[in-house]
Amino acid sequence: MLKKILVVKLSALGDVIHALPVSYAIKETFPDAHLTWVVEPPAYDIVKMNPCVDKIIIFRKKEFRTLKGFARNFFPFKSEIQAENYDAVLDLQGLFKSAAIAFFAKANIKLGVCDMRELSGQISKPVIGENARGHIVDRYLDTARAIGCRVDKVVFPLEIPADAIKKADAIAEQAGLVIENPYVALVIGASWETKRWSAENFAALSDWFYSVEVTPVLIGNGAVEEQIAAEVVAKAEIPPINFVGKTNLMELSHVLKNSRIVIGGDTGTTHLSTALGIRTLMIMGPTQAARTGPYGQIQNALEVDRDCKYCRKRICPKGENCLSAVTVDAVINKILSIK
């Protein structure tokens, strides 16, 4: 019987979301276990909404980048990691930074995902399970199975706080969006350039939604996505409602939860939509739907028809716009086919 378990899954947002079912599997099998999760600040709110996590340790990577910062932060962070004697550590990141955390954690069992990198497999034993070539969610769950967890069902445990719902409703009202009326969320950005559908296409899709009496809402965060949103608004015949930069992750979760469908690339927000059980159409090119598509609704992924798809390149070496091969009409037809 495992009583104390440490999960190390630091970033990125979509990856942390993919790992959530591991926490549910742990609590389903070991309901009295104390589960600690180490995460970086950008994905903190996701773990905070997870009722299966008992304690969160924040790893502030930026504070370790300078010699002075490392000297100031290393020992306090190490002490926090070593404050407990764990029965098991699961390194679901599989990189040097997560391996360093797993190294200092006190535990007899240290396991990692099947595709460990940067020598992390020397610290935590890679679990090569039956899903080693499957979806990343199932790969993570193989590590839970390796410590004796049963996986009767795959659950993304997320609870949106009441105050976040109230704040999101107020933001929506101020922006002119009636939550109760039909609307869709358009996730206009992604960290990789090759994962972004064009602003022109989103503008055309936005106008189509208006034509069928559904309100389009632009979703995103950061300077790049603010610029993309400005382009979409400028190119659209009727400006969509712009939510870019107006919500945190908890508030955004409420906005997504009430949308009719979410459309975007292979990025954290679309994975959040999937985790919340919302119909999600994911436009994909450099990444493969079978590996990182919308979990539980892979049929809703729309992959580009290019010989070079699945290249996993952040920037196209050919200088092409990867997702330009996916037309607006193709997306509309896909939307109409989704039940």
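Each remark here, short or long, concerns the structure printed above.
Reading the values: the criteria
- Residues numbered from 1 in each chain as written.
- Predicted model: local features only at pLDDT ≥ 70, side-chain atom pairs only at ≥ 80, totals over all residues.
- Heavy atoms only, no water.
- Helix = DSSP H or I, 4+ residues; strand = E, 2+ residues; numbered from the N terminus.
- Buried < 20%, exposed > 50% of the residue type's maximum accessible area, 1.4 Å probe, protein only.
- Areas by Shrake-Rupley, 256 points an atom, 1.4 Å probe, with all protein chains shown as cover.
- Lys, Arg positive; Asp, Glu negative; His and termini not counted.
- Charge placed at Lys NZ, Arg CZ, Asp CG, Glu CD.
- Core = buried A, V, L, I, M, F, W, Y, C linked by side-chain atoms within 4.5 Å.
- Contact = heavy atoms within 4.5 Å.
- Pairing = 2+ DSSP bridges.
- Salt bridge = Lys/Arg side-chain N within 4 Å of Asp/Glu carboxyl O.
- Polar contact = N/O pair within 3.5 Å; in protein donor to acceptor, adjacent residues only side chain to side chain.
- Axes fitted to C-alpha atoms, helices over the stretch in contact; angles between N-to-C directions.

(A) Focus on the overall build of the protein chain. Scanning the protein chain from terminus to terminus reveals 12 helices and 12 strands. Taking all 339 residues of the protein chain together, 54% fall into the buried category. Only carbon and sulfur atoms are counted for the fraction: they give 50% of the accessible area of the protein chain, which is about 15600 Å². Of note, the protein chain has its 41 positive side-chain charges centred 7 Å away from the centre of its 37 negative side-chain charges.

(B) Summary view of unusual backbone geometry. For the peptide bond that leads from S11 to A12, omega is -10°, which places it in the cis range. One can find A12 in the loop between strand 1 (4-8) and helix 1 (13-29). Although it is not a glycine, E118 adopts a positive phi angle of roughly 50°. For E118, the position within the fold is in the loop between strand 5 (106-112) and strand 6 (125-126). Residue E118 is classed as partly exposed on the basis of its relative accessible area, which comes to 48%. For L119, which is not glycine, the phi torsion reads 65° and is therefore positive. Tracing the backbone shows L119 in the loop between strand 5 and strand 6.

(C) Molecular detail of the nonpolar core. Among the nonpolar cores identified, the biggest contains 60 residues, and I26, W37, I46, I147 and F243 are the most heavily contacted of them. Counting residues per element, this core draws most heavily on helix 1, at seven residues. Contacts of F243, omitting those with residues within four sequence positions, involve I171, A172, A175, L177, V217, L218, I219, G220 and V255. V184, I261, V331 and I338 belong to the second largest nonpolar core, which has 30 residues in total.

(D) Expanded view of the pairing of strand 7 (residues 183-187). For strand 7, a buried count of five out of five residues is recorded, marking the element as mostly surrounded by other parts of the structure. Residue alternation in strand 7 divides its side chains into two sets, Y183, A185 and V187 and V184 and L186, and both sets are buried. Pairing geometry for strand 7 and strand 8 (residues 215-219), over five bridges, is parallel. Residue pairing in the sheet places V184 in a bridge with P216 of strand 8.

(E) Looking closely at the pattern of salt bridges. Overall, the coordinates contain 11 salt bridges when judged by the stated rule. A salt bridge links K195 to D266; the nearest nitrogen and oxygen atoms lie 3.9 Å apart. Residue K195 is found in the loop between strand 7 and helix 7 (199-211), and its partner D266 is found in the loop between strand 10 (262-264) and helix 10 (268-275); the two are separated by 71 residues along the sequence. The exposure class assigned to K195 is buried, which follows from its relative accessible area of 11%. Taking relative accessible area as the criterion, D266 reaches 7% and is therefore assigned buried. Through salt bridges with shared partners, a single network forms among D115, R139 and R291.

(F) Quick peek at helix 9 (residues 249-257). Across the nine residues of helix 9, eight count as buried, placing the element largely inside the fold. Considered for burial, the residues of helix 9 that qualify are L249, M250, E251, L252, S253, H254, V255 and L256. Near the N-terminus of helix 9, the side chain that reaches the backbone nitrogen of M250, with its oxygen 3.1 Å away, is that of N248.

(G) Fine view of the side chain of H18. Following the sequence through the fold, H18 ends up in helix 1. Exposure remark for H18: the relative accessible area of 4% places this residue in the buried category. There is a polar contact of 3.2 Å between the side chain of H18 and the side chain of H271. Once you skip the residues sitting within four places of it in the chain, H18 turns out to touch H135, I136, V137, Y140, F156 and H271.

(H) Just the sheet that holds strand 11 (residues 280-284), in detail. Across the sheet, six strands lie side by side as 9-8-7-10-11-12; this open sheet has parallel pairing. Each edge of the sheet is formed by a strand with only one pairing partner; in this case those strands are strand 9 (241-242) and strand 12 (301-303). On top of the sheet, helix 10 reaches strand 7, strand 8, strand 10 and strand 11; it is set at about 150° to strand 11, its chief contact.

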